[in-house]
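Spelled out, the chains give:
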Number of protein chains: 2
Amino acid sequence: MNNLAETNPHLADLNTDMLYHLGFNSKDNLKEMFGDVRYVVMHGANHRAGDFAHTLNDTMAKDFANAAGESMGADMSEDELKPLGSTDRFFLYKVGDVISVSHGMGQPSHSILLHEVTKLLAHAGVKNVEYFRLGTSGGIGVEPGTIVLSENGVDPSGEAQYKLHRLGELVNVAPTNFDPELVGKILDVRDDISVVLGNTSSNNDFHYEQARMDGAYCDFTKDEQQAYLARMHDKGVRNFEMEAAGFASFCNRLGIPAACMCVTLLNRFEGDQVDLDPVTYADYCSRPWKLMMNYLKMAHAQPAVEV
Amino acid sequence: MNNLAETNPHLADLNTDMLYHLGFNSKDNLKEMFGDVRYVVMHGANHRAGDFAHTLNDTMAKDFANAAGESMGADMSEDELKPLGSTDRFFLYKVGDVISVSHGMGQPSHSILLHEVTKLLAHAGVKNVEYFRLGTSGGIGVEPGTIVLSENGVDPSGEAQYKLHRLGELVNVAPTNFDPELVGKILDVRDDISVVLGNTSSNNDFHYEQARMDGAYCDFTKDEQQAYLARMHDKGVRNFEMEAAGFASFCNRLGIPAACMCVTLLNRFEGDQVDLDPVTYADYCSRPWKLMMNYLKMAHAQPAVEV
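Worth saying up front: this structure is predicted, and the values here are computed from it rather than measured.

Enquirer: Which residues make up the overall build of chain A, and what values do they have?
Expert: Helices and strands together make up the secondary structure of chain A, namely eight helices and twelve strands. Against the compact-globule benchmark of 19 Å for 307 residues, chain A has a radius of gyration of 19 Å, which places it among compact chains. Per-residue burial for chain A yields a buried fraction of 57% across its 307 residues. A separation threshold of at least 6 residues defines the contact pool for chain A, and within that pool the share at least 24 residues apart is 76%. On chain A, roughly 11500 Å² of surface is accessible, and the fraction owed to carbon and sulfur atoms is 48%. Between the centroid of the 25 positive side chains of chain A and the centroid of its 43 negative side chains there is a distance of 3 Å.

Enquirer: Could you give an account of the environment of Glu78(A), naming the residues involved and the relevant values?
Expert: All names here are of chain A. Mapped onto the elements of the fold, Glu78 is located in the loop between α3 (46–63) and β4 (92–95). The spacing of Glu78 and Asn57 is 21 residues in sequence and 8.1 Å in space, taken between C-alpha atoms. Ignoring sequence-local partners within four residues, the contact set of Glu78 consists of His54, Asn57 and Asp58. There is a polar contact of 2.7 Å between the side chain of Glu78 and the side chain of His54.

Enquirer: How would you explain the relation of the copies chain B and chain A if you had to name every residue and give the values?
Expert: Between the two copies of the chain lies a rotation about an axis combined with a shift along it. Note on the identical chains: chain B maps onto chain A by a rotation of 180° and an axial translation of 0.0 Å, with an RMSD of 0.0 Å. Each copy turns onto its partner about a two-fold axis. A share of 100% of the interface residues of chain B reappears at the interface of chain A, consistent with the copies meeting face to face through the same patch.

Enquirer: Describe the nonpolar core, naming the residues involved and giving the relevant values.
Expert: Within the largest apolar cluster, 97 residues are counted, with the highest numbers of intra-cluster contacts made by Phe34(B), Tyr131(B) and Phe132(B). If we ignore the near neighbours within four places in the chain, the residues touching Tyr131(B) are Val40(B), Met42(B), Leu114(B), Val117(B), Thr118(B), Leu121(B), Phe247(B), Cys251(B), Ile256(B), Pro257(B), Ala258(B) and Ala259(B).

Enquirer: An account of the interface of chain B and chain A is needed here, citing residue identities and associated values.
Expert: Contacts between the two partners involve 71 residues from chain B, matched on the other side by 71 residues from chain A. Around 6300 Å² of area is buried between chain B and chain A when both sides are counted, 57% of it from carbon and sulfur atoms. Counting across the interface, chain B meets chain A through six salt bridges. Between Glu224(A) and Arg166(B) there is a salt bridge; the shortest N-O distance is 3.9 Å. Here chain B and chain A share 32 residue pairs in polar contact (both at pLDDT 80 or more) between them. For the side of chain B that touches chain A, the elements supplying multiple residues, two or more each, are α1 (4–7), α3 (46–63), α4 (107–123), β8 (163–166), α6 (222–234) and α7 (244–254) of chain B.

Enquirer: I'd love a proper account of the side chain of Ser249(A), names of residues and values included.
Expert: All names here are of chain A. Here Ser249 shows up in helix α7 (residues 244–254). Residue classification places Ser249 among the buried residues on the basis of a relative accessible area of 1%. Not counting chain neighbours up to four residues away, the residues in contact with Ser249 comprise Tyr162, Val173, Ala174, Pro175 and Thr176.

Enquirer: So, unusual backbone geometry: which residues are in play, and what are the values?
Expert: For Leu167(A), which is not glycine, the phi dihedral falls at a positive 55°. Inspection of the secondary structure puts Leu167(A) in the loop between β8 (163–166) and β9 (169–172). In the Ramachandran plot, Ala211(B) falls in the positive-phi region, its phi being about 60° despite a non-glycine side chain. Turning to its location among the elements, Ala211(B) is positioned in the loop between β10 (195–202) and α6.

Enquirer: Describe the packing of aromatic side chains, and please don't skip the residues or the numbers.
Expert: If you walk through the whole model with that rule in mind, you get 20 aromatic pairs over all chains. Summarising the aromatic geometry, the rings of Tyr217(A) and Phe250(B) are spaced 6.1 Å apart at their centres and angled 55° between planes, so their arrangement reads as tilted. Separated into two different chains, Tyr217(A) in the loop between β10 (195–202) and α6 (222–234) and Phe250(B) in helix α7 make up a pair that spans both. Classification of Phe250(B) by relative accessible area gives buried; the value is 4%. An aromatic cluster of three or more residues is present, and its members are Tyr208(A), Tyr217(A), Phe220(A) and Phe250(B). The aromatic ring of Phe206(B) is capped on one face by Arg212(B), whose charged end is 3.8 Å from the ring centroid. The ring of Tyr208(A) carries the charged tip of Arg253(B) above its face, separated from the ring centre by 5.8 Å.

Parameters at a glance
- Residues numbered from 1 in each chain as written.
- Chains lettered and ligands numbered in written order.
- Predicted model: local features only at pLDDT ≥ 70, side-chain atom pairs only at ≥ 80, totals over all residues.
- Heavy atoms only, no water.
- Helix = DSSP H or I, 4+ residues; strand = E, 2+ residues; numbered from the N terminus.
- Rg over C-alpha atoms; globule rule 2.2 N^0.38 Å.
- Buried < 20%, exposed > 50% of the residue type's maximum accessible area, 1.4 Å probe, protein only.
- Contact = heavy atoms within 4.5 Å.
- Areas by Shrake-Rupley, 256 points an atom, 1.4 Å probe, with all protein chains shown as cover.
- Lys, Arg positive; Asp, Glu negative; His and termini not counted.
- Charge placed at Lys NZ, Arg CZ, Asp CG, Glu CD.
- Polar contact = N/O pair within 3.5 Å; in protein donor to acceptor, adjacent residues only side chain to side chain.
- Least-squares fit on C-alpha atoms with pLDDT ≥ 70 in both.
- Core = buried A, V, L, I, M, F, W, Y, C linked by side-chain atoms within 4.5 Å.
- Buried area = accessible area lost by both parts, 1.4 Å probe.
- Salt bridge = Lys/Arg side-chain N within 4 Å of Asp/Glu carboxyl O.
- Phe/Tyr/Trp six-rings, centres within 6.5 Å; stacked < 30°, edge-to-face > 60°.
- Lys NZ or Arg CZ within 6 Å of the ring centre and 35° of its normal.

What follows is the structure in structure tokens.
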């Protein structure tokens, strides 16, 4: 992770840095609370952040070992594992050296979390961290239940870019590729989980901008929709979601290795609506978690790298 | 509200319309549950949707009367007032003819709610409804605690526009002005609440795109920031938030009268950080609620208009 004194020299002028949406500030004992964090795992929905944290707490106790082959043990009891800070906007949990946190829906909501959690970790003295997004998505020409492990975040035109206004003028914040080395390591631990590499289109709207024909308004035909999906597929796009491009650009700007793994709930060439039975839905949603657990288990078994 | 058969003729082809994020579908008895709704009041945070619903339930019982001067009574007991549908993403409550619902942070999250709640109401047979957004914001040259009642949603360059990709090409969805008649009626019931009319800039990022110097990265100077804020002020912009332009364009596209009233928590000419004592913060946050209650009280005392 880049030194925040370089990415934002003005931070040094703040007496106290209020992390408004997380409910912490830089006068809290962040070093003690978060100084050992190495992995941040992000989810759209609040309940997924909590469920993942509980599953990780269990799995770590039963199934993780460190480089010396010693069991990692349970970080805490189920009752102790509660969200930290404010739950007005996001739910944030810590299990060992892993933060599990929700980011809401869409790049703007995610960006608030990214700025604040990154400052939180910098205030805590963390220098070496990896970020992950786990979620659901609409597949483009892939079998439902497949995880798309993103190579690039792209915009709805298929271009690998994410623009924000800088003082009123649109600029590219940073490239929108994900870290190839980290992506490769995740691919290596996929076991029998169905994973494809591909580009991920991050749209600012679930209905109209993802070319769904089931929104409150729609002004294109089925043929036009299918032709658009085919153009996106030709550009290497394998799924639609709402965060990857902004996420990748933030992490590249900050020098944080990042990966995005979203399971596809449907194949958009075949339909627009998500209508899975509860068992299949739960199975699909569990797949990015399993892939993430595989990665965390492998990473914890490696000797620690000093920074 | 426009007829959805006209804004999206493809909806008629659906056997069942799954409102995925709300947790309802068109086979539910939506007419019985939501057929009488006339007002939808939206808030960013989940807890605000619930708190507003409880406050409204109390206020309606104590302080509202219909056109005949009869008390409105309590719609239900405190215990009965619970969120309806799925709480995975949004919290939705119904009190009398009012829905109080959260929309998360940012235009993409809000747009998901707008599509689904509008289809929900259309399936319920509702033809006449008004939408409101109540929230917090950063003021531009206005005293903290002032409500900005939005005339237009604008983008971070100050232009009154909101663009989405249509099949990969950026287009304007609809104009981003709020309903002047509705805005006028709200202004008329402000009593002693501090309200100004102005344009509202809806940004896709809380830190960088709102020209804050306290994000994880920043590449402009204080002078450049102040000059940008002054340019926005000259264009009639009185506050930054993250939803108004997309909200207005959706409502104009659907023919739904809409208004946006956000209290300012700080004056951005004076700083970037939100650091209010809890009492002042609660006071400021309550102001849009009071304004909304004044409007709802007035509207309920009017004879009903047949559609």
